[in-house]
Amino acid sequence: MTDPSATRWDEAGQLEVLTFDIGDERLAIEAISIREILDLLPETPVPGAPALVGSVINFRGKIIPIADLHVAFGMPIEDPSPDTRIVVIETLLGGEETQIGLRADKVYEVTLLDRDSASAPPVIGMRWRRTFVRELVRQDQSVIVLPDLPAIFATLERGHAGLDSPLGHAA
């Protein structure tokens, strides 16, 4: 059985990803998980839902929860801009394939990352939970974060421990 959090580099040591910004950080998600990239749609708040997934959208008759990774990474939540998009992904959650929308401050492009430029997150010196970061990939003069979405969403399955405060920090 493969680890759902493991990076699936291809035989050439590359990974095709969609890059996007959350705050001032560049993140990347495997392109194979992307289902849609949407302009902002009206969101319906869900009373009592954890801050990480506090709203839903109705897209083509399907209700899709919206996750805000600002919350998971303890970053300030920003007002939407003309560049804000919803990246709809499909991921395994609670044993079943689930579509979730990720609010992104700006979406860039599909690109290839190289395994030779990747490293595990450091034990110290990170401002986020290390368990929420799968790998860091050096590219040009920046670092791209590969978030560990299964670990982030597993907090919801465990009763959203640690992500139920407004800023996503454990109470």
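This is a predicted model, so every value here is computed, not measured. (Residues numbered from 1 in each chain as written. Predicted model: local features only at pLDDT ≥ 70, side-chain atom pairs only at ≥ 80, totals over all residues. Heavy atoms only, no water.)

With respect to the overall build of the protein
- Of regular secondary structure, the protein possesses 2 helices and 12 strands.
- Starting at the N terminus, the α and β elements of the protein follow one another as β-β-β-β-β-β-α-β-β-β-β-β-β-α.
- For the protein, contacts bridging at least 24 residues in sequence account for 55% of all contacts bridging at least 6.
- Summing over all exposed atoms, the protein offers an accessible surface of approximately 9200 Å²; the carbon and sulfur share of this is 52%. (Helix = DSSP H or I, 4+ residues; strand = E, 2+ residues; numbered from the N terminus. Contact = heavy atoms within 4.5 Å. Areas by Shrake-Rupley, 256 points an atom, 1.4 Å probe, with all protein chains shown as cover.)

Some remarks on the sheet that holds strand S4 (residues 44-45)
- Reading across from one edge, S3-S7-S8-S6-S5-S4 is the order of the 6 strands in this open sheet, with mixed pairing throughout. The two strands at the open ends of the sheet, each matched to only one other strand, are strand S3 (34-39) and S4.
- As paired elements, S3 and strand S7 (residues 85-93) share 5 bridges and run antiparallel to each other. Bridge assignment links Glu36 to a residue of S7, and that residue is Val88. (Pairing = 2+ DSSP bridges.)

Structural notes on the sheet that holds strand S9 (residues 106-114)
- The 6 strands are arranged S9-S1-S2-S12-S11-S10 in an open sheet whose pairing can be described as mixed. Each end of this open sheet is capped by a strand with a single partner; those strands are S9 and strand S10 (118-119).
- In terms of strand pairing, strand S1 (residues 14-22) meets strand S2 (residues 25-30) through 6 bridges, oriented antiparallel. Paired with Phe20 across the bridge in S2 is Leu27.

What to know about the pairing of S7
- Note that S7 and strand S8 (residues 96-104) share 9 bridges and pair antiparallel. The residue bridging Glu90 from the neighbouring strand is Gln99, located in S8.
- Adjacent in sequence and paired antiparallel, S7 and S8 are bridged by 2 residues, among which Gly94 carries a positive phi angle near 65°.

Section: the environment of Glu90
- Relative to the helices and strands, Glu90 is located in strand S7.
- Note on Glu90: relative accessible area 26%, which makes it partly exposed.
- When the C-alpha positions of Glu90 and Gly101 are compared, they lie 8.8 Å apart, and in sequence the two are 11 residues distant.
- Aside from chain neighbours lying at most four places away, what touches Glu90 is Ser33, Arg35, Glu97, Thr98 and Gln99. (Buried < 20%, exposed > 50% of the residue type's maximum accessible area, 1.4 Å probe, protein only.)

Geometry only, nothing functional implied.
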